[in-house]
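A look at the structure
Each chain, written out:
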Amino acid sequence: MKLIEFSTRRRVTVTMFVTAAVIFGMVAFQRLAINLLPDITYPTLTVRTEYEGTAPSEMERLITEPVEGAVGVVTNVTRVSSISRPGVSEVAVEFAWGTDMDFASLDIREKLDRLQLPQGADKPVLLRFDPSLDPIMRLGLYGRESLVALRLLAEDQIKPEMESIEGVAAVRVNGGLEEEIHVSIDEPRLAALRIPLNHLVSRLGQENVNLTGGQLKDGEAEYLVRTLNEFRTVDEIQDIVIGERRGAVITLADVGQVTRGHKERQVITRINGQESVELAIYKEGDANTVTVARRIGKALEDFEKQTGELLGSARMEVVFNQSTFIEQSVAEVLNTAIMGGALAIIVLYLFLGNPKSTGIISLSIPISVVATFFLMFASDVSLNIMSLGG
């Protein structure tokens, strides 16, 4: 009763409070982060271990079982499951909800460090599933240029441009043909010259290095000395000396051939049936998906205007944009909330039959919702389908 009495006697004060709540709510609404889902950390970790050339049964006995025994004693573990495939062991560790996954990761790493695995097995890698770590945008680069040229364009030009955008954590390039230098050796000729293959490999490594040469002082000035000796052309690789026989110098060109090629492809990407290069863009952990996506879209427009000749006939196309789905989902929830409020007002009027009472109640519904936006902003709660649904 005191609240009702205060509201009726102090109308100006109540009006000021309501006005302030609406203003703060509207300002907070414009600054609220927009995401598809709230920040959810699944209490699951996966331990992945590779042991090349090992059959599934041996992987189970030599890798999977020891890892399961080591991680199964960690606190708050509810379930341990595993999959053993040729050369790969994956052990999934599920924890109880509410477990601090940072400390859980440290406990598992500590147990894995004490584990004795067979010689030749790779060090176990700890993987953590988080839906926020998925790329927020995927770009496709395609055209009449060669896949090698498209790959170089993506890695040397587009990737640095995208990674400089505020909120972008990393850009990964997939598909296309990644350039690689191939050295084909004439083994019979190499054996006839009595040059071991490992000696040739060693010579390639020795010639393709950049080394520091110490410091050089000249009065008060101090210079850093470097030895620059990396290969720049195929001819430089062919001209390296790998041995000497009867006073004659033997070069790599005498026993083999060096050509430009590409790495063996493991991923092929296509757009409308045409092979292309994909760029997957990842955002920073605390960055807003919609805001970052808008910045990327603006940067892409500027990049195409400024480097039209560089692209040539190549074209960039946004294959996947997570922000589009987020904006559509949030807009749908907002429309549903507005329709629900309108239906509630209609039902109230049908039951009360009094326009004045219905107007007072209908005015309190949007005011309370707008005021909630300020509380969401103060509590660092984003606009997502869960919070808007509430």
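What you see is a predicted model, and the numbers here were worked out from it, not measured in a lab. Each chain has its residues counted from 1, following the order in which its sequence is written. Note on the predicted model: pLDDT of at least 70 is required for a residue's local features to be given, and 80 or more for side-chain atom pairs to be given and counted; whole-chain, interface and lining totals, by contrast, use all residues. Side-chain calculation: all heavy atoms of the structure are included, whereas hydrogens and water are not.

Turning to the overall build of the protein chain, a few remarks are in order. Numbered from the N terminus, helices here are DSSP runs of H or I no shorter than four residues, and strands are runs of E no shorter than two. Assigned secondary structure in the protein chain consists of 14 helices and 15 strands. Within the protein chain, the proportion of its 390 residues that are buried is 30%. Accessible surface for the protein chain amounts to roughly 25300 Å². Of this, 54% is attributable to carbon and sulfur atoms. Here the protein chain carries 38 positive and 52 negative side-chain charges, and the mean point of each set is 6 Å from the other. Burial classes follow relative accessibility: with a 1.4 Å probe on protein chains only, a residue under 20% of its type's maximum area counts as buried, one over 50% as exposed, and anything between as partly exposed. Computed with the Shrake-Rupley method and a 1.4 Å probe, the accessible areas treat only the protein chains shown as cover for residues. The convention is simple: Lys and Arg are positive, Asp and Glu are negative, and His and the chain ends are not counted. For charged residues, the charge sits on one atom: NZ in Lys, CZ in Arg, CG in Asp, CD in Glu.

A separate point is unusual backbone geometry. With glycine set apart, most residues show a phi of negative sign, and most peptide bonds adopt trans. Of note in the backbone geometry, Asn76 takes a positive phi value of approximately 70° without being a glycine. In this fold, Asn76 is placed in the loop between helix H3 (56-71) and strand E2 (77-85). Given the relative accessible area of 42%, Asn76 is considered partly exposed.

Here we come to the packing of aromatic side chains. For any pair of aromatic rings, the description consists of the separation of the ring centres together with the inter-plane angle of the planes. To pair, rings of Phe, Tyr and Trp, with the six-membered ring standing in for Trp, must have centres within 6.5 Å; the planes then decide the type, stacked if under 30 degrees apart, edge-to-face if over 60, and tilted in the middle. Taken as a whole and judged by the stated rule, the model has two aromatic pairs. For the ring pair Phe24 and Phe374, a centre distance of 5.4 Å and an interplane angle of 50° mean the geometry is tilted. With Phe24 in helix H2 (residues 11-31) and Phe374 in helix H13 (residues 355-378), this residue pair connects regions lying 350 residues apart in the sequence. For the ring pair Phe29 and Phe373, a centre distance of 4.8 Å and an interplane angle of 40° mean the geometry is tilted.

Looking now at the sheet that holds strand E1 (residues 44-50). Any two strands with at least two DSSP-identified bridges between them are counted as paired. Strands sit in the order E2-E3-E1-E4 across an open sheet of four strands; the sheet is antiparallel. At either margin of the open sheet sits one strand with a lone partner, and together these are E2 and strand E4 (125-128). Across the sheet, the mean angle from the axis of one strand to that of its neighbour is 20°, orientation sign disregarded. Sheet topology places E1 next to E4; four bridges connect them, and they run antiparallel. Here the axes come from fitting lines to C-alpha atoms, over the contacting stretch only for helices, and the angles between their N-to-C directions go from 0 to 180 degrees.

Of all the bends found along helix H5 (residues 147-163), the most pronounced is centred on Ala154 and spans about 35°. Considered for burial, the residues of H5 that qualify are Leu147, Leu150, Arg151, Leu153, Ala154, Ile158 and Met162. Note on bend: at a given residue it equals the angle between the axes fitted to the 7 residues ending there and to the 7 starting there.

Glancing now at the packing of H2 against H13. Where H2 meets H13, the closest approach of the two axes is 7 Å, and the angle between their N-to-C directions is 55°. Relative to H13, the element H2 is oriented oblique. Helix-helix and strand crossings are classified by hand; for H2 and H13 the assignment is left-handed. Contact residues: H2 offers Val18, Ala21, Val22, Phe24, Gly25, Met26, Ala28, Phe29 and Arg31, while H13 offers Ile367, Val370, Ala371, Phe373, Phe374 and Phe377. Amino acids are sorted into nonpolar (Ala, Val, Leu, Ile, Met, Phe, Trp, Tyr, Cys and Pro), charged (Asp, Glu, Lys and Arg) and polar (every other residue, Gly among them). Of the residues in the contact of H2 with H13, the class split is 13 nonpolar, one polar and one charged. In this scheme, roughly parallel covers angles under 35 degrees and roughly antiparallel covers those over 145, while 65 to 115 is roughly perpendicular and the rest are oblique. Two helices that cross are described as forming a left-handed crossing if the nearer one is turned anticlockwise from the farther one by less than a right angle, and a right-handed crossing if clockwise. Contact definition: two residues touch when any of their heavy atoms are within 4.5 Å.

A pairing counts as a salt bridge when a side-chain nitrogen of Lys or Arg comes within 4 Å of a carboxyl oxygen of Asp or Glu. Applying the stated rule across the entire model yields ten salt bridges. The salt bridge partner of Glu90 is Arg85, with a shortest N-O separation of 3.4 Å. What emerges from the salt-bridge pattern is a single network uniting Arg48, Glu50, Arg85 and Glu90.

Grouped together as the largest cluster of nonpolar side chains are 27 residues, with contacts concentrated most on Leu141, Ile158, Met162, Leu279, Ile281 and Ile296. Taken together, the elements giving at least two residues each to this core come down to strand E5 (137-142), H5, strand E6 (168-175), strand E14 (274-283) and helix H10 (289-306). Every residue in contact with Ile281, bar those within four places of it in the chain, is listed here: Pro135, Ile136, Met137, Leu139, Met162, Val168, Ala170, Val171 and Ile296. In this description, a nonpolar core means a group of buried Ala, Val, Leu, Ile, Met, Phe, Trp, Tyr and Cys residues linked to one another through side-chain atoms lying within 4.5 Å. Of all hydrophobic cores here, the second largest spans 19 residues; its members include Tyr51, Ala70, Val71 and Val74.

On to the environment of Pro56. Along the polypeptide, Pro56 turns up in helix H3. Residue Pro56 is classed as partly exposed on the basis of its relative accessible area of 34%. Once the C-alpha coordinates of Pro56 and Lys263 are considered, the two residues, 207 residues apart in sequence, prove to be 28 Å apart.

On a range of 0 to 100, pLDDT expresses the predictor's confidence in each residue. When pLDDT is averaged across the protein chain, the result is 82; 95% of the residues are at 70 or more. Between the elements of the protein chain, mean pLDDT differs from a low of 65, seen in helix H11 (residues 308-311), to a high of 90, seen in strand E3 (residues 88-95).

Within the secondary structure layout, Phe6 lies in helix H1 (residues 2-9). What Phe6 contacts, discounting residues up to four positions off in sequence, is Thr13 and Val14.

Every definition here rests on a 1 Å grid over the protein atoms only: cavities are sets of points where a 1.4 Å probe fits but cannot get out, pockets are open sets enclosed by protein on both sides within 12 Å along at least five of seven lines, and lining residues have some atom within 4 Å of a point. Grid points are joined across faces, edges and corners, and a volume is the space filled by probe spheres set on the points. When its volume is computed, the second largest pocket comes out at roughly 490 Å³. Lining the second largest pocket are 20 residues; nearest its centre among them are Leu334, Ala337, Ile338, Val369 and Phe373. Mapped onto the lining of the second largest pocket, the elements with two or more residues apiece are helix H12 (322-352), H13 and helix H14 (385-389). Of the residues belonging to the lining of the second largest pocket, the class tally is twelve nonpolar, eight polar and no charged.

In this section: the packing of H5 against H10. When two helices pack together, their arrangement is captured by the angle between the axes and the distance separating the axes. H10 packs onto H5 with a crossing angle of 140° between their chain directions and a minimal axis gap of 10 Å. With respect to H10, the axis of H5 lies oblique. Of the two possible hands of crossing, H5 and H10 adopt the one that is right-handed. Together, Gln157, Ile158, Glu161 and Met162 of H5 and Ile296, Ala299, Leu300 and Phe303 of H10 make up the contact between the two elements. For the contact of H5 with H10, the per-class residue count stands at six nonpolar, one polar and one charged.

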